[in-house]
Amino acid sequence: MEADINDQTVSSDHFTPKVEMASGLSKEITLLRIPDLRVISGEGEKRLYTRDQADVPSVVKDTLIQYRPDAVVQPSTAEATVALLQYARGRGLAVIPRGSGSSPFGGSIPVNGGIVLDAGNLNKVLDVDVKNKCVKVQGGCRWADVDHELSKHGLRIISCPSSRFSTVAGWICGGGLGVGSLGGGHLSKNIISIKMATGSGLIELMPPQEEFKAVFGSEGQLGIIVEATLKVKSIDSASKPHFLLFKDLDGAVDVAERLRRLSALPEDLIYFSPGKLRYANKLLHGEHFGEGHALLVTSSDQASEDAILGLLSSTGITEEKEYQARLLMHDRYFPMKLRRLGPGMMGAEVLAPMPKLKDILHRAEDLCQEFDLDPLLEVHVMQGQESLLLCYYLTDQCNDSLYLLDAAKSMIVTSALIEIGAKPYSLGVWNNSFVDHWPKEEMRRLRRAKDKLDPSGMMNPGKYFALKGRMFGAAGMLFSPRGSGMALGLMAKLHMPLSPVLRTASKVTRKLVPSEGRDMLEEMVNQCAMCGACVSVCPAYALTKDERVTARGKLLMGRDLAEGRDITKESAHRAFLCMRCKACEQVCQSKLDLIPAYDELESRLEKLFGKDAAEIEHFIRIAELSPKYDEMVARGLVLGAPKNGMGGDRRV
Amino acid sequence: MYERYHIGTVVTVGRHRPVPKFIVRREGNCINCGKCERMCVYQAHRRDPVDPRKMAEPDSTLCKNCFRCVVECPQRALSIRVNDDFKALGNGVWTPVRITTMWGEAENAKIPVLGAGYRGLFSGPGFDAMWTDMSEIVRPTRDGIHGREFISTGVDIGRKPSLLRFDDDMRLLTEMGTIIDLPVPFMLDLSRLVVSENIMKGIAGAAKELGTLLVLPVGSIEKVSALMADDMLVPVLSKVDDLERVPKGVRLVEIEGGPDWKRDVNELKRSRPGMLVGVRMTSSPDLLTVANDMAREADVLHVLFAETGMGADGQYARDASRKLHRQLVAAGLRDQMTIVSSGGLAAAEMVPKSIICGADAVTLEGALKVALGCHACVECKDCPADVENAPEEFVRQRVINMCSAWRDQMLEMLGAMGIRDLRRLRGETGRAIFQEDAHRDAFSGIEGGEKVE
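Residues numbered from 1 in each chain as written. Chains lettered and ligands numbered in written order. Predicted model: local features only at pLDDT ≥ 70, side-chain atom pairs only at ≥ 80, totals over all residues. Heavy atoms only, no water.

**Comments concerning the overall build of chain A**
Argument step 1. Secondary structure assignment for chain A yields 27 helices and 17 strands.
Argument step 2. Sorting the 652 residues of chain A into buried and exposed places 60% on the buried side.
Argument step 3. For chain A, contacts bridging at least 24 residues in sequence account for 74% of all contacts bridging at least 6.
Argument step 4. Accessible surface for chain A amounts to roughly 25300 Å². Of this, 55% is attributable to carbon and sulfur atoms. (Helix = DSSP H or I, 4+ residues; strand = E, 2+ residues; numbered from the N terminus. Buried < 20%, exposed > 50% of the residue type's maximum accessible area, 1.4 Å probe, protein only. Contact = heavy atoms within 4.5 Å. Areas by Shrake-Rupley, 256 points an atom, 1.4 Å probe, with all protein chains shown as cover.)

Below you can see the structure in the form of structure tokens.
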């Protein structure tokens, strides 16, 4: 007898929408009946796992790599993760780990099919140790959730990526430098231990093990991080941001240099180019920030606050108003806001050594000018000699050819900066060309760890060490030091004659594709930063675990609809499972008007597929009674919602 | 066979949206979490029936101001405030609360329950400056007033002899006049209302159902004669000659009291022996000077107050009736004449209060219009409730409902007072506390305790 392969454990925190029949590998995994493992069988839902934050032009993607996963799974326990990995090892299948999908480098998308493992539901904060100031979390926890849990105990995280809705494991694997890294140092300094699921079981890693070091920046080559113990610190009311404005770049960098050498280190120090302030003004619809090169320095405690103030008074620099500083400080977490203006943005991210920072910044400015780009440069100063340079510019994602040109420019800028001493920040797929510039020692360490932990090479294969995709490794050729790396290097050298060509081409395409009268949904999906913040706050997602119910999923469905792709009725009906709680609108860094977009999408879908009123009603009633939903409402679905009771705690 | 008095009520929803006392507002930061729907016991908060993912606009008319939703809302998106339109309802003793209460009574015929605390004054003008004593309420029965022993709300209209005389063979010598007994102490009164024919008919239908008298101008008899027996009509004559237009079966007529009231009364009595004759007089100090005389001649004295509850001299019915009653009692004439009081009766409790102050019965006027949805505006124009076009059946049922609710409230009061017969309440001022007495009792012995106006 054929068992119902879609039965779910009945829990009051779960809503099972219409069944989608699994087939192929999905069906095979479903039949394993691994507890606490959700197998995604709907094609529409699987499609969401074919991309990450970046919108890689489909021409590039389609020809080069097999980015469609054969199956997608969501474990919610470490045991389920291990079970899945064991199965994959036995079957010789690739496993591609994925957090919240908020990195733009392609680290979490398959290049040759395989199983995508969505770790985003390993999202429990397990234990807060107030005495020893540390917290044990599951790997899929979002940084914002960890911070929220800590705040109840008067604690906070030391550093986090610029997207607070990225997962802990994702940032461990993908970089470890971000907001707070000046005072706190690289993430590896703030992690006490890691529990990792591998094909042969759970292992615990901690310093000084070599494998522990290798995990950072490993891009999921070693295993799935299911747990991590983080160091945290107390909330300090003396911590304050300061906003300094300079006439020229060199002046700003000089002061930054002095600030990062203070004996009491500031928590965080960022340089913003004039472009950043211009865009910030535009987004805020007002002249809040003046013209110039800016530094935003945030003290971590009274000692560093005093040190900063001392430096300012001794150098005679006057700081700008506090509200401006606080606005910018908040803005650190929302770098993708800019996409709204494009719609879409492109950029290069490199690690720049401090001594060469001035040169690199000047170079980036010059290059962008040649390419007729209005860039926004951001430098996050780190402990030691490194700093993280982000160079962003607007593009128009609705205009395919322009977008492709802008993407090429991004690669050229990255390679040109690497030429003069910068290093790639993350490899993923698209930065593989720069793998030669990756520190050799790190590379060897990772290789040794991989041989030990993942001898069969099933974890995130085809990247990092050798990029292999379709067409006999054409991608490997292209995105390799020998292929595009050389070509790009060459182009970077030849940018002088090249830039007028690129400039004219951009102008022509801009004229060919008018920006008026575009479809509202298409426009919006391109403005969307795909950061996944909406996923982490969505109560409908918490109940269904299906990303199609979230803003990101719905916008992508809107695009599929506009592009005339096949959508199944089941997929279409998922879009209606919404609480209309507006949490997504509140966290959206692009500040999109999502609710009207949902109404529009729903009316389009309803015309094609009808709507299942009974399912919607049932969903709402289940959600209302679910403890998980109550908890989310209590926490405040909407950031900054007033607390209930006069200054007291929120009551539920 | 004994037939218990029963009023047939049917829930009759108003023709216009009632004016809610409180406006519940949902702000834009609502997250449609549905908590308010689960919290509200009055169902003022509901999910949108078309799209259950969104909350519908709150139905303020169901709100009882309990504030539960406001307290429980995790977003603090809800607020409740008193409705300005509500505050603007009515005038004088026709307060907003009374008007909406009457609407409710006319809709569902139930005894109104007002809650969420009382923050107002404990006394006011007219009947508000007296409180009925309901000391027996300490042990209410489980099944309410209807489970107790029979309580009569009936009253008698007509002359009641103070003693009976018999001859030696024990045959009754005293000539018994006509007595009209009514199951309720109120008549329905069209004599001072300007209303459409439909409304007249509806009110007549209600009077029939209630088994009470309908007071109406003699010119309006034809409009309702098909609906009611003649003996339940009380035509109001402006002159003696109008008697020609009065059908034979009528048991009581009223005539406007002018300087020649005595002659008119005698003429009417001569023309129709056995018929009761009432005199209509506006309440004023002059009335007291003729009252004793009138008690000897007329059967009924219909004392008219304005809808403000005051007589021509600005005195409230509470005081004017007590004076009149006491004067007649002192003269030994009280039972010679039935006193009917009218005007300013804006709440159920004002009926027993009128009776405590000395009236035998009352007539309902303005309250009948309010039962139809009237806002009791100062000036009657651009009717917000379109009262004029109310259909006959609607009028009938709404009036019946309100009267039923008023009678039930009377039963509650009588039960709580331990009185089994409404007739015993007449002039029973011991069953009430009057504000000035309470003040005197509380403050008179205190140095400097004089009441400061």
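Having seen the structure, we can now continue with the description.
**What to know about the domain arrangement of chain A**
All names here are of chain A.
Argument step 1. The domains assigned to chain A are domain 1 (125–234), domain 2 (241–396) and domain 3 (520–635).
Argument step 2. The straight-line distance from the C-alpha centre of domain 1 to that of domain 3 is 30 Å.
Argument step 3. Contacts between the two partners involve 5 residues from domain 1, matched on the other side by 8 residues from domain 3.
Argument step 4. Taking both sides of the interface into account, the surface hidden between domain 1 and domain 3 amounts to around 530 Å²; carbon and sulfur atoms contribute 58%. (Domains from an automatic or database assignment. Buried area = accessible area lost by both parts, 1.4 Å probe.)

**Notes on the environment of A:Val413**
Residue and element names in this part refer to chain A.
Argument step 1. Along the chain, Val 413 turns up in helix H14 (residues 400–419).
Argument step 2. A relative accessible area of 1% means that Val 413 is categorised as buried.
Argument step 3. Linking Val 413 and Phe 371, residues 42 residues apart in sequence, is a C-alpha distance of 9.7 Å.
Argument step 4. Not counting residues up to four positions away in its chain, the partners in contact with Val 413 are Ala 348, Leu 367 and Phe 371.

**Some points on the nonpolar core**
Argument step 1. Core analysis: the biggest nonpolar cluster contains 114 residues, and B:Leu188 and B:Leu214 have the highest contact counts within it.
Argument step 2. Sorting elements by how many residues they give to this core places helix H12 (residues 392–417) of chain B first, with 11 residues.
Argument step 3. Excluding anything up to four places from it in sequence, B:Leu188 contacts B:Ile203, B:Ala206, B:Ala207, B:Leu210, B:Thr212, B:Leu213, B:Leu214, B:Val215, B:Leu364, B:Leu368, B:Val399 and B:Cys403.
Argument step 4. A:Ile96, A:Cys578, A:Ala597 and A:Ala623 belong to the second largest nonpolar core, which has 106 residues in total. (Core = buried A, V, L, I, M, F, W, Y, C linked by side-chain atoms within 4.5 Å.)

**Quick look at empty space enclosed by the protein**
All names here are of chain A.
Argument step 1. On inspection of all chains with the given rule, the structure shows 12 cavities of 30 Å³ or more.
Argument step 2. Roughly 790 Å³ of volume is contained in the largest cavity.
Argument step 3. Broken down by element, the lining of the largest cavity gets its largest block of residues, 5 residues, from helix H6 (residues 168–174).
Argument step 4. Considering only residue class, the lining of the largest cavity consists of 19 nonpolar, 23 polar and 4 charged.
Argument step 5. Taken domain by domain, the makeup of the lining of the largest cavity includes at least three residues from each of domain 1 (125–234) and domain 2 (241–396). (1 Å grid on protein atoms, 1.4 Å probe; cavity = no way out; pocket = protein on both sides within 12 Å on 5 of 7 lines; lining within 4 Å. Points joined across faces, edges and corners; volume = space filled by probe spheres on them. Nonpolar A, V, L, I, M, F, W, Y, C, P; charged D, E, K, R; others polar.)

**Topic: the packing of helix H13 (residues 357–370) of chain A against H14(A)**
Residue and element names in this part refer to chain A.
Argument step 1. With their axes 10 Å apart at the nearest point, H13 and H14 run at an angle of 150° to one another. The angle between H13 and H14 falls in the class roughly antiparallel. Both H13 and H14 take part in a crossing whose hand is right-handed. Here Ile 360, Arg 363, Ala 364 and Leu 367 of H13 come into contact with H14, specifically with Val 413, Ala 416 and Leu 417.
Argument step 2. Across the contact of H13 with H14, the residue classes tally to 6 nonpolar, no polar and 1 charged. (Axes fitted to C-alpha atoms, helices over the stretch in contact; angles between N-to-C directions. Parallel < 35°, antiparallel > 145°, perpendicular 65-115°, else oblique. Left-handed = near helix turned anticlockwise from the far one by under 90°.)

**So, a nonpolar patch on the surface**
Argument step 1. Nonpolar side chains collect at one region of the surface, where B:Leu164, B:Phe166, B:Met170, B:Leu172 and B:Met176 lie side by side and expose about 520 Å² of accessible area between them.
Argument step 2. Given the relative accessible area of 61%, B:Met170 is considered exposed. (Patch = residues over 30% accessible without salt bridge, like charges linked within 9 Å, V, L, I, M, F, W, Y side chains within 5 Å. Salt bridge = Lys/Arg side-chain N within 4 Å of Asp/Glu carboxyl O.)

**Regarding the domain arrangement of chain B**
Argument step 1. When the domains of chain B are assigned, the result is domain 1 (22–82) and domain 2 (155–437).
Argument step 2. Using C-alpha coordinates to define each centre, domain 1 of chain B is positioned 46 Å away from domain 2 of chain B.

**A look at the sheet that holds strand E11 (residues 241–246) of chain A**
Residue and element names in this part refer to chain A.
Argument step 1. Judged by pairing direction, the sheet is antiparallel, and its 7 strands sit side by side in the order E11-E13-E12-E15-E16-E14-E17 without closing on themselves. The sheet terminates laterally at E11 and strand E17 (423–424), the two strands that pair on one side only.
Argument step 2. Direction of pairing for strand E12 (residues 268–272) relative to strand E13 (residues 293–298): antiparallel, over a ladder of 5 bridges. Directly across from Phe 272, in E13, lies its bridge partner Ala 294.
Argument step 3. Most of the contacts of H13 go to strand E15 (residues 376–381), to which it runs at about 165°, and overall it touches E12, E13, strand E14 (345–353), E15 and strand E16 (386–394).
Argument step 4. Sitting on the sheet, H14 touches E14, E16 and E17, and the angle it makes with E14 is about 5°. (Pairing = 2+ DSSP bridges.)

**Some points on helix H27 (residues 627–635) of chain A**
Residue and element names in this part refer to chain A.
Argument step 1. Within the sequence span of H27, burial applies to Tyr 629, Met 632 and Val 633. What you see down the axis of H27 is that its buried residues fit within an arc of 100°, all on one side.
Argument step 2. Elements that come into contact with the buried residues of H27 comprise helix H20 (533–537), helix H21 (539–544) and helix H26 (613–625). (Arc of directions from axis to C-beta.)

**A short note on the pattern of salt bridges**
Argument step 1. Summed over all chains, the structure comprises 78 salt bridges over all chains.
Argument step 2. Measuring nitrogen to oxygen at the nearest pair gives 3.8 Å for the salt bridge that ties B:Arg98 to B:Glu349. Here B:Arg98, found in helix H4 (residues 96–108), pairs with B:Glu349, found in the loop between strand E12 (338–342) and helix H10 (350–356); they are 251 residues apart in sequence, far enough to count as distant.
Argument step 3. Since its relative accessible area comes to 13%, B:Arg98 is described here as buried.
Argument step 4. A salt bridge links B:Lys269 to B:Asp299, with the shortest nitrogen-to-oxygen separation between them at 3.2 Å. Separated by 30 residues along the polypeptide, B:Lys269 in helix H7 (residues 261–271) and B:Asp299 in the loop between helix H8 (285–297) and strand E11 (300–304) bring together distant segments of the chain.
Argument step 5. Residue classification places B:Lys269 among the partly exposed residues on the basis of a relative accessible area of 25%.
Argument step 6. The network of salt bridges with shared partners includes A:Glu20, A:Arg38, A:Glu45, A:Asp546, A:Arg548 and A:Arg574.

**Here we look at the pairing of strand E1 (residues 22–26) of chain B**
Residues and elements named next belong to chain B.
Argument step 1. Judged by which residues are buried, E1 turns out to be one-sided: Phe 22, Val 24 and Arg 26 face inward and are buried, whereas Ile 23 and Arg 25, on the alternate face, are not.
Argument step 2. The pairing of E1 with strand E2 (residues 78–82) spans 5 bridges and is antiparallel. Pairing of Val 24 across the sheet is with Ile 80, part of E2.

**Re the sheet that holds strand E3 (residues 95–98) of chain A**
All names here are of chain A.
Argument step 1. In spatial order, the strands read E1-E2-E4-E3; together these 4 strands make up an open sheet with mixed pairing. Of all strands in the sheet, those bounded by a partner on one side alone are strand E1 (37–40) and E3. For this sheet, the mean inter-axis angle between neighbouring strands, taken without regard to orientation, is 25°.
Argument step 2. The pairing of strand E2 (residues 71–75) with strand E4 (residues 115–118) spans 3 bridges and is classified as parallel. Bridging from a neighbouring strand, Val 72 pairs with Val 116 of E4.
Argument step 3. Across the face of the sheet, helix H4 (residues 78–91) comes into contact with E1, E2, E3 and E4 while running at roughly 170° to E4.

**A short note on the packing of aromatic side chains**
Argument step 1. Per the stated rule, a full pass over the model turns up 4 aromatic pairs over all chains.
Argument step 2. Where A:Trp143 meets A:Trp171, the ring centres are 5.4 Å apart and the plane angle is 85°; that geometry is what we call edge-to-face. Taken together, the residues A:Trp143 in helix H5 (residues 143–151) and A:Trp171 in helix H6 connect sequence positions 28 residues apart.
Argument step 3. Overall, A:Trp143 belongs to the buried group, its relative accessible area being 2%.
Argument step 4. For the cation-ring pair, A:Lys591 lies above A:Phe334, with the distance from its terminal atom to the ring centre recorded as 5.9 Å.
Argument step 5. A cation sits over an aromatic face here: B:Arg15 above B:Phe394, 5.7 Å from the ring centre. (Phe/Tyr/Trp six-rings, centres within 6.5 Å; stacked < 30°, edge-to-face > 60°. Lys NZ or Arg CZ within 6 Å of the ring centre and 35° of its normal.)

**Examining the environment of A:Gln221**
Residues and elements named next belong to chain A.
Argument step 1. Relative to the assigned elements, Gln 221 resides in the loop between helix H8 (210–215) and strand E10 (224–234).
Argument step 2. Looking at Gln 221, the relative accessible area reads 1%, which means it is buried.
Argument step 3. Distance in space between the C-alpha atoms of Gln 221 and Ser 237 is 40 Å, their sequence separation being 16 residues.
Argument step 4. Here Asn 460 takes part through its backbone oxygen, which lies 3.1 Å from a polar atom of the side chain of Gln 221. (Polar contact = N/O pair within 3.5 Å; in protein donor to acceptor, adjacent residues only side chain to side chain.)

**Focus: the confidence of the model for chain B**
Argument step 1. Across chain B, the average pLDDT comes to 90, with 94% of residues at 70 or higher.
Argument step 2. Reported for the predicted complex are a pTM of 0.76 and an ipTM of 0.75. (pLDDT = per-residue confidence, 0-100.)

**Notes on the pairing of strand E5 (residues 125–129) of chain A**
Residue and element names in this part refer to chain A.
Argument step 1. Here E5 pairs with strand E6 (residues 134–138) via 4 bridges, running antiparallel. Within E6, the residue paired with Asp 127 across the bridge is Lys 136.
Argument step 2. Linking E5 back to E6 in an antiparallel pair, the connection comprises 4 residues, with Lys 133 at a positive phi of about 50°.

**Quick notes on helix H9 (residues 317–330) of chain B**
Residue and element names in this part refer to chain B.
Argument step 1. Over its 14 residues, H9 runs 19 Å from end to end, which matches the ideal 20 Å to within 8%, given 1.5 Å per residue.
Argument step 2. Among the residues of H9, those classed as buried are Ala 317, Arg 318, Ala 320, Ser 321, Arg 322, Leu 324, His 325 and Leu 328.
Argument step 3. Those residues of H9 that are buried are in contact with strand E3 (130–132), H8, E11, E12, strand E14 (432–434) and helix H13 (435–443).
Argument step 4. Downstream of H9 by one or two residues, Gly 332 has phi in the positive range, about 70°. (Expected span 1.5 Å × (residues − 1).)

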